[in-house]
Amino acid sequence: MPQAPAGQQPAEELLAALLTQRQTILPKRLGAPGPDAHQLHAILQAASHAPDHGQLLPWRFVLVPLSARAALGQAFVQALLERDAQANAEEQARAREKALRAPVLLLATVDERADDEEHAQVPVPERILSAGCAVQGLLLAATALGYGSALTSGKALQSAALRTLFALPPHERALCFVSIGNVLSRKPPRERPAASQYTALLVPGQGTQPLDLTTGSIPP
C-alpha cells in the first residue's frame, strides 16, 4: 500500500486494525468486563452515522440489562415451545441459557410501517439496509475499543413471546441481537474473500466484467 500523506497515517492504522481484528466472537466466548456506560454510549453513538434516507431513524436498539435476562430466557423457552411443544427439559435449558451470555446485549429492530406518506417514500429494504449499517457501526466501534461482538438471530425473533416481552408494535420487526463483551477466547481468523470475488465493472452493452483493482489503477 502506498505511504499515506502526512496526517493520514493514524487513519490508515485504524483501518488496518479494523480490517484485521473485526471478527465474530460467539456470545459464549464473551465475558466480563463489558463496556462501561461511557463506552457503550460511544458504541451506540457510532450507529448514528448510518445512511438514513429521509432521516426517518427507522431502527433502534434496546438494551437488555442483566436484570431482564431471566425474562428474556423465559421468552426464548416460550418461543421454542411455540415451534415444538414437545421440546424436552434439556432443550429448554439451552434456549434459556442463550439469554445469559454476553455482558452487553442489544436487540436491533427496524420500523416497517408504510401507513403514512413520509415512511411510504422510503422502501422497507432501504430501511433494513440503514439498520444494517447502524449495526456495523456498533460492531466497528466495539472493535476499536477492544471488545468482541457478534450478531445472533433465529426463529425466536419473530415469536409472540419475544414480541410481547419487548412490547413491539405491529410495524416493528426484530432483526437481530448484538452481543458485546470481553473476548475470553477466539477462533483463528477466517480467510476473508478477496474484493474481486464480490465486485464487478459495468461495461455498457456487455453487462458486467470482473473488476481487479490490485493492478493499482481504476478503469477509466
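Above this text you will find the structure in question.
Bear in mind that the values here come from a model prediction, so they are computed numbers and not experimental data.

### Focus: the overall build of the chain
Here is step 1 of the chain: Looking only at helices and strands, the chain features seven helices and seven strands.
Here is step 2 of the chain: Each helix and strand of the chain, placed in order from N terminus to C terminus, yields the pattern α-β-α-β-α-α-β-α-α-β-α-β-β-β.
Here is step 3 of the chain: In terms of overall dimensions, the chain has C-alpha extents of about 60 × 45 × 35 Å along its principal axes.
Here is step 4 of the chain: Counting only contacts in the chain whose residues sit at least 6 apart along the sequence, the fraction spanning at least 24 positions is 74%.
Here is step 5 of the chain: As displayed, the chain has an accessible area near 13,600 Å², and 58% of this comes from carbon and sulfur atoms.
Here is step 6 of the chain: Counting 19 positive and 19 negative side-chain charges, the chain places the centres of these two groups 10 Å from one another.

### Examining the packing of aromatic side chains
Here is step 1 of the chain: Scanning the entire structure with this criterion turns up three aromatic pairs.
Here is step 2 of the chain: With a centroid separation of 5.8 Å and 90 degrees between ring planes, the pair formed by Phe-76 and Phe-177 is classed as edge-to-face. A residue pair is termed long-range when its members are at least 10 positions apart, and Phe-76 in helix 3 (residues 69-83) and Phe-177 in strand 5 (residues 172-183) qualify at 101 residues.
Here is step 3 of the chain: Owing to a relative accessible area of 12%, Phe-76 belongs among the buried residues under this scheme.
Here is step 4 of the chain: Note on Phe-177: relative accessible area 4%, which makes it buried.
Here is step 5 of the chain: Through a chain of ring-to-ring contacts, the aromatic side chains of Phe-76, Phe-166 and Phe-177 assemble into a single cluster.

### A short note on the side chain of Arg-69
Here is step 1 of the chain: As for its position among the elements, Arg-69 is in helix 3.
Here is step 2 of the chain: Although Arg-69 is buried, it makes no salt bridge; Glu-97 carries the closest opposite charge, 9.3 Å away.
Here is step 3 of the chain: Within the structure, the side chain of Arg-69 is placed 3.0 Å from the backbone oxygen of Val-64, a separation counted as a polar contact.
Here is step 4 of the chain: Those residues in contact with Arg-69 that sit more than four places away from it in its chain are Val-64, Ala-99, Leu-100, Arg-101, Ala-102, Pro-103, Val-104 and Leu-105.

### Examining the nonpolar core
Here is step 1 of the chain: By size, the foremost hydrophobic cluster in this structure holds 20 residues, and its most contacted members are Trp-59, Phe-61, Val-178 and Ile-180.
Here is step 2 of the chain: If you list the elements that add at least two residues to this core, you get helix 2 (37-46), strand 2 (59-63), strand 3 (104-111), helix 6 (124-144) and strand 5.
Here is step 3 of the chain: The greatest single-element share of this core, amounting to seven residues, is contributed by helix 6.
Here is step 4 of the chain: Beyond its immediate sequence surroundings of up to four residues, Val-178 is in contact with Val-104, Leu-105, Leu-106, Val-135, Leu-139, Ala-150 and Leu-151.
Here is step 5 of the chain: Ala-87, Ala-99, Leu-107 and Ala-174 belong to the second largest nonpolar core, which has 18 residues in total.

Here is what the cut-offs are and how they apply
Residues numbered from 1 in each chain as written. Predicted model: local features only at pLDDT ≥ 70, side-chain atom pairs only at ≥ 80, totals over all residues. Heavy atoms only, no water. Helix = DSSP H or I, 4+ residues; strand = E, 2+ residues; numbered from the N terminus. Contact = heavy atoms within 4.5 Å. Areas by Shrake-Rupley, 256 points an atom, 1.4 Å probe, with all protein chains shown as cover. Lys, Arg positive; Asp, Glu negative; His and termini not counted. Charge placed at Lys NZ, Arg CZ, Asp CG, Glu CD. Phe/Tyr/Trp six-rings, centres within 6.5 Å; stacked < 30°, edge-to-face > 60°. Buried < 20%, exposed > 50% of the residue type's maximum accessible area, 1.4 Å probe, protein only. Salt bridge = Lys/Arg side-chain N within 4 Å of Asp/Glu carboxyl O. Polar contact = N/O pair within 3.5 Å; in protein donor to acceptor, adjacent residues only side chain to side chain. Core = buried A, V, L, I, M, F, W, Y, C linked by side-chain atoms within 4.5 Å.

By themselves, these figures tell us nothing about what the structure is for.
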